Amino acid sequence: MQSQATTTNRQAVTVPADLEAEMDEMISHYPVSKRSASLPLLHLWQNHFGYIDDGGVEWIARKLELQPINILELVTFYPWFRQQAAGKTVIRVCRTLSCAMAGSEDLKNSFCKALKIPTDHAGNGDHGAPEEVSPDGEYSVEFVECLASCGSAPVCLINDDLHENVSETAIPEILSQYKK
Amino acid sequence: MISLTRPPHPKERRVIFENIFKPGYAPDIDTYISHGGYEQARKAFTMTPEEIINIVKASNLRGRGGAAFPTGVKWSFIKREDGKPHYIVVNGDESEPGTFKDRYILHNDPHQLIEGLIISAFAVNVQLAYIYIRCEFPKAAKIMTQAIKEAKERGFLGKNIFGSGFDLDIYVHQGAGAYICGEETSLLESLEGKRPYPRIKPPYFPAVLGLYMSPTVVNNVETICHVKHILRLGAEEYAKMGSPGDGGTRTLCVSGDVMNPGFYELPAGAVTLKELIYDICGGLKPGRKLKAVIPGGSSAKVMRAEEVYKVKTKAEDGTMVEKELAMLDVVMDANSLAAVGTMIGSGGVIVMDDTRSMVWTLNNLNLFYAHESCGQCTPCREGSLWMAKMTTRMLHGGGVATDPDTLKNVADNIAGRTVCAFGEACAWPTQSFVIKFRDEFAQTAQNGPSAPAKV
Ligand SMILES: Cc1cc2nc3c(=O)[nH]c(=O)nc-3n(C[C@H](O)[C@H](O)[C@H](O)COP(=O)(O)O)c2cc1C
Ligand code: SF4
Ligand code: FES
């Protein structure tokens, strides 16, 4: 569980027609209850707008004929959703046991160092929110829990790509794949 | 596609992972069909649903998601003709630390899951099924969605599949980064679009009041895949592959301090822990000694290297005798691990050598559980956090002599007092680590940590 701010920076949003079409398609996957589409809609929203602000919460609630609280309580519960901007490239380093045994804490700190993100916040347990973003706003680094790749530890998920057996020396090469 | 190049170990018996490793094997439907795909689904429609359920029962298939519940029995709780809608939800949340098998199926062999699901849906009379995939597998969701589309185009899904008059639609549902959604009732709440607080059982057994309060089967990804192979091999041959009461193959995922970590598909009960670590996984790193093993995902109780268990076995004359069993001689199947007080769980085996601090190890797990508790029950929400704070404090040299007792006391007051089995899952590591490594915990509490091991 994470606690987060109760209000957010509102982005001025217009929902493009193709995004809304994707949402309608998602809603059609749940013939029994529209409410089931709340997670898929939140994913689509965050993928498009970067984060979920109060405007997004209200918009999705209206779309699904729910109260805003029905959506907000999901945003504040699920670690994946965020209420503030992250970097364009999100680096998620696995914190859990097998990866920790393979040095994932050092790995996370090395990513931070390479991206000029301060690491003094990085206690063992501060994964999740808030995300730390590089000064140029391009990258953010966070700890996540077991990514189900413990046999090739340490691992990290960068945007949609899983990187396995990551060594600290490979960081420059990996980051070069995600140049702005 | 995740590349997998390791050839099978001679002891392995690849059933689920038979094709995934083959060069050129791709997740598209034509590749799957050219490897005999969808023949079993076709065959299923020549059988009656009761026949299928009976075969699955006779196969001794037990769930691969953690609780090792007999799958055929679970299915027979659903009354096929009760006039209510039924659902199957496939659990692809795979988030128990140490477990990494379903991800390969979802990414590399999606049609195997769809075929298993068609057969299962026919058996329990389901027209709408969901595959719940954790969102940390974004590519798997795309691959599965594409595979469903392909199957629909061929008439294997949708209306009147294989011309049988039976309809089935499958959709993918993505999670959002919460471990608790792997618990089946939390998963259903999540699928209903609500905060995924687990439901209390009774009355909310999924088979009775599941998705949308209708009878629902929740099965793990690997479990559903096995169904296809039970039809292919027949119940008897499938059961024979495994050990008594635990049929077929089990995929063991080994990580931590072994030379060759990875996943190994073995007949259930085919190897002892010693054979698994030393023969199959190439042993420990040079110069290291075995210290501890977590045998079935992070929630399973830890086993200590020199431990000797007393187990009851049946002698030839039928009387029960007590036997001593060394930790390394424990057989890796559901019943044998249960007999020594731990569990096969999700098959995630985490190996630790003598460079590892047990307080550090437990602290890592405690932080996991503290972060992942849904917060609904006080003993779990407060207890998991309290245990994590204590082990963290011990690691920073702030321990006090009573810490080991307090830790165990907190854990004892969580297990059995919560809505869902997460309570046990977060208590068992602390209980077992503190009991089995008592001296080390006492030492760390009093003298601070010995230098934490680095690789
Ligand atoms: C805290 C918790 C987490 C769980 N996580 C998973 C999971 O990630 N994947 C899974 O298949 N089962 C998980 N389970 C087990 C499920 O509740 C359920 O028993 C299982 O999906 C049933 O499928 P099976 O009978 O095929 O094993 C979890 C259980 C608990 C209590
Ligand atoms: S035991 Fe823990 S995870 Fe399960 S319902 Fe209670 S608080 Fe939530
Ligand atoms: S512990 Fe890192 S992937 Fe499982």
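This structure is a prediction, so every number in the text was calculated from the model and none was measured.

Engineer: What am I meant to see in the overall build of chain A here?
Structural biologist: Secondary structure assignment for chain A yields seven helices and five strands. The linear arrangement of helices and strands in chain A, starting from the amino end, is α-α-α-α-β-α-α-β-β-β-β-α. Each of the 180 residues in chain A was classed as buried or not, and the buried ones make up 56%. Pairs at least 24 apart in sequence give 62% of the contacts found in chain A among residues at least 6 apart. Just so you have it, chain A exposes about 7,600 Å², and 50% of that area is on carbon and sulfur atoms.

Engineer: Just to check I follow, could you spell out the pattern of salt bridges for this structure?
Structural biologist: Between side chains of opposite charge, a pair can form as their charged atoms come close. Residues and elements named next belong to chain B. Per the stated rule, a full pass over the model turns up 39 salt bridges over all chains. The partner of Glu 222 in a salt bridge is Arg 64, with the nearest N and O atoms 3.8 Å apart. A residue pair is termed long-range when its members are at least 10 positions apart, and Glu 222 in helix α10 (residues 221-233) and Arg 64 in the loop between α3 (49-58) and α4 (71-76) qualify at 158 residues. By relative accessible area, which is 1% here, Glu 222 ends up buried. Linking Glu 222 and Lys 101 is a salt bridge whose minimum nitrogen-to-oxygen distance equals 3.0 Å. Pair noted here: Glu 222 is in helix α10 and Lys 101 is in the loop between β1 (87-92) and α5 (102-108), with a separation of 121 residues, a long-range link. The class for Lys 101 is buried, based on a relative accessible area of 1%. A single network of salt bridges, built from pairs that share partners, joins Arg 64, Lys 101, Asp 102 and Glu 222.

Engineer: For this particular structure, what's the right way to read the sheet that holds strand β3 (residues 169-174) of chain B?
Structural biologist: What links the strands of a sheet is backbone hydrogen bonding, and the strands pair in either a parallel or an antiparallel sense. All names here are of chain B. The strand order across the open sheet formed by four strands is β3-β2-β1-β4, and the pairing between neighbours is parallel. Sheet topology places β3 and β4 (216-220) at the edges, where each strand pairs with a single neighbour. Direction aside, the axes of adjacent strands within the sheet are offset by 20° on average. By the bridge criterion, five bridges tie β1 to β4 in an arrangement that is parallel. Opposite Val 90, over in β4, you have Asn 219 as the bridge partner. Sitting on the sheet, helix α6 (residues 110-124) touches β1, β2 (128-133), β3 and β4, and the angle it makes with β1 is about 150°.

Engineer: For this particular structure, what's the right way to read the packing of α3(B) against α6(B)?
Structural biologist: Residue and element names in this part refer to chain B. Interaxial distance between α3 and α6 falls to 8 Å at its minimum, and their mutual angle equals 115°. Where α3 crosses over α6, the two elements pack in a sense that is left-handed. Across the interface between the two elements, Pro 49, Ile 52 and Ile 53 from α3 touch Ile 119, Phe 122 and Ala 123 from α6. Across the contact of α3 with α6, the residue classes tally to six nonpolar, no polar and no charged.

Engineer: Mind showing me how you'd approach the environment of B:Asp257 here?
Structural biologist: One can find B:Asp257 in the loop between β5 (249-256) and β6 (262-267). Classification of B:Asp257 by relative accessible area gives buried; the value is 1%. Between the alpha carbons of B:Asp257 and B:His173 there is a distance of 35 Å; along the sequence they are 84 residues apart. Non-local contacts of B:Asp257, meaning those with residues more than four positions away in its chain, are made with A:Met101, B:Leu284, B:Lys285, B:Val351, B:Met352, B:Asp353 and B:Arg356. A distance of 2.8 Å separates polar atoms of two side chains, one belonging to B:Asp257 and the other to B:Arg356.

Engineer: When you look at the packing of aromatic side chains in this model, what are you seeing that I'm missing?
Structural biologist: In this description, a pair of aromatic rings is defined by centroid distance and the angle of the planes. Considering all chains together, one arrives at 25 aromatic pairs over all chains under this definition. Note on A:Trp45 and A:Trp59: the rings are 5.6 Å apart at their centroids and 40° apart in plane angle, and the pair reads as tilted. Linking A:Trp45 in helix α2 (residues 38-49) with A:Trp59 in helix α3 (residues 54-63), this pair joins segments that are 14 residues apart in sequence. Residue A:Trp45 is classed as buried on the basis of its relative accessible area of 0%. Using a relative accessible area of 16% as the deciding quantity, one classes A:Trp59 as buried. Measuring from centroid to centroid gives 4.8 Å for B:Phe156 and B:Phe162, while their planes differ by 20°, and the two rings are stacked.

Engineer: Help me understand the side chain of B:Ser346 in this model?
Structural biologist: All names here are of chain B. Position of Ser 346 among the secondary structure elements: in the loop between α13 (334-339) and β11 (348-353). One polar contact links Ser 346 to Thr 99, side chain to side chain, over a distance of 2.7 Å. Setting aside residues up to four positions removed in sequence, Ser 346 forms contacts with Arg 64, Gly 65, Gly 66, Glu 96, Thr 99, Lys 101, Thr 251, Gly 296 and Gly 297.

Engineer: Sorry, what's going on with the pairing of β2(B) here?
Structural biologist: For a regular strand, side chains alternate in direction, first toward one face of the sheet and then toward the other. Residues and elements named next belong to chain B. Taking burial as the measure, the six residues of β2 include six buried ones, the bulk of the element. The alternating pattern of β2 places Leu 128, Tyr 130 and Tyr 132 on one face and Ala 129, Ile 131 and Ile 133 on the opposite face, and all of these are buried. Bridge count between β1 and β2: six bridges; the pairing is parallel. Looking at the pairing, Tyr 87 lines up with Leu 128 of β2.

Parameters and conventions
Residues numbered from 1 in each chain as written. Chains lettered and ligands numbered in written order. Predicted model: local features only at pLDDT ≥ 70, side-chain atom pairs only at ≥ 80, totals over all residues. Heavy atoms only, no water. Helix = DSSP H or I, 4+ residues; strand = E, 2+ residues; numbered from the N terminus. Buried < 20%, exposed > 50% of the residue type's maximum accessible area, 1.4 Å probe, protein only. Contact = heavy atoms within 4.5 Å. Areas by Shrake-Rupley, 256 points an atom, 1.4 Å probe, with all protein chains shown as cover. Salt bridge = Lys/Arg side-chain N within 4 Å of Asp/Glu carboxyl O. Pairing = 2+ DSSP bridges. Axes fitted to C-alpha atoms, helices over the stretch in contact; angles between N-to-C directions. Left-handed = near helix turned anticlockwise from the far one by under 90°. Nonpolar A, V, L, I, M, F, W, Y, C, P; charged D, E, K, R; others polar. Polar contact = N/O pair within 3.5 Å; in protein donor to acceptor, adjacent residues only side chain to side chain. Phe/Tyr/Trp six-rings, centres within 6.5 Å; stacked < 30°, edge-to-face > 60°.

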